[in-house]
Amino acid sequence: MFTIEELDLLEKKYKLALASTDEIKQIDFYPSYPAVISEFMGSLTQPPWGVRNYKPEEESTIMENIENATFNEIQCVLTKASRAERFCDGSWRATLKEQKLDPVFKRLKTLIET
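First, a word on scope: everything that follows refers to the structure included in this document. If you're wondering where the values come from, they're calculated on a predicted model, not measured in any experiment. (Residues numbered from 1 in each chain as written. Predicted model: local features only at pLDDT ≥ 70, side-chain atom pairs only at ≥ 80, totals over all residues. Heavy atoms only, no water.)

Observations regarding the packing of helix H1 (residues 4-19) against helix H6 (residues 102-113)
Where H1 meets H6, the axes come as close as 11 Å, and the angle between the chain directions of the two elements is 165°. By the criterion of interaxial angle, the relationship of H1 to H6 is roughly antiparallel. For the pair H1 and H6, the crossing hand works out as left-handed. Contacts between H1 and H6 pair Ile4, Leu7, Leu10, Glu11, Tyr14 and Leu18 from the former with Asp102, Phe105, Leu108, Lys109 and Ile112 from the latter. (Axes fitted to C-alpha atoms, helices over the stretch in contact; angles between N-to-C directions. Helix = DSSP H or I, 4+ residues; strand = E, 2+ residues; numbered from the N terminus. Parallel < 35°, antiparallel > 145°, perpendicular 65-115°, else oblique. Left-handed = near helix turned anticlockwise from the far one by under 90°. Contact = heavy atoms within 4.5 Å.)

Structure representation (structure tokens):
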């Protein structure tokens, strides 16, 4: 599981990453991310947030039912968000610009409060 302090730190990194999306540069068809975005996305694969045995194909189903997601399911979503850039250039930009992780953070707060 995770502590409120760990969640607060991750959320601070998320907010910094969100605030830095205008600093993303395009270099030869590839995005070049500011350090704060790379740091945030890298932290999503570290304990307690990331998991090795995630199934990326389950992410959309989890997100459709995010209000009932377990911590293990949240870990899968966070891991996929971080690793997506390896398979699709610009995934991090889309995730941040569309604030796709907002419902995830809302669910994490609910999980820690219960």
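Notes on the side chain of threonine 95
Along the polypeptide, threonine 95 turns up in helix H5 (residues 91-97). Judged by its relative accessible area of 9%, threonine 95 is buried. Dropping the residues within four chain positions of it, threonine 95 is found in contact with Met41, Lys100 and Leu101. (Buried < 20%, exposed > 50% of the residue type's maximum accessible area, 1.4 Å probe, protein only.)

Overview of the pattern of salt bridges
Applying the stated criterion across every chain, the model contains five salt bridges. The salt bridge partner of glutamate 39 is lysine 13, with a shortest N-O separation of 3.8 Å. Highlighted residues: glutamate 39 in helix H2 (residues 35-43) and lysine 13 in helix H1, separated in sequence by 26 residues. Accessibility expressed as a relative area gives 47% for glutamate 39, which makes it partly exposed. Between lysine 80 and glutamate 59 there is a salt bridge, with its nearest N and O atoms 3.9 Å apart. Of this pair, lysine 80 sits in helix H4 (residues 71-87) while glutamate 59 sits in helix H3 (residues 59-64), and the two are 21 residues apart along the sequence. Using a relative accessible area of 24% as the deciding quantity, one classes glutamate 59 as partly exposed. (Salt bridge = Lys/Arg side-chain N within 4 Å of Asp/Glu carboxyl O.)

Some remarks on the packing of H1 against H2
Interaxial distance between H1 and H2 falls to 8 Å at its minimum, and their mutual angle equals 145°. Of the two elements, H1 crosses H2, and the hand of that crossing is left-handed. Taking contact as the criterion, the partners of Leu10, Lys13, Tyr14, Leu16 and Ala17 in H1 are, on H2, Val36, Ile37, Glu39, Phe40 and Ser43. Looking at the contact of H1 with H2 residue by residue, the classes come out as seven nonpolar, one polar and two charged. (Nonpolar A, V, L, I, M, F, W, Y, C, P; charged D, E, K, R; others polar.)

Observations regarding the environment of lysine 106
Tracing the sequence through the fold places lysine 106 in helix H6. When its relative accessible area of 62% is taken as the criterion, lysine 106 is described as exposed. C-alpha separation for the pair lysine 106 and glutamate 73, spaced 33 residues apart in sequence, amounts to 14 Å.

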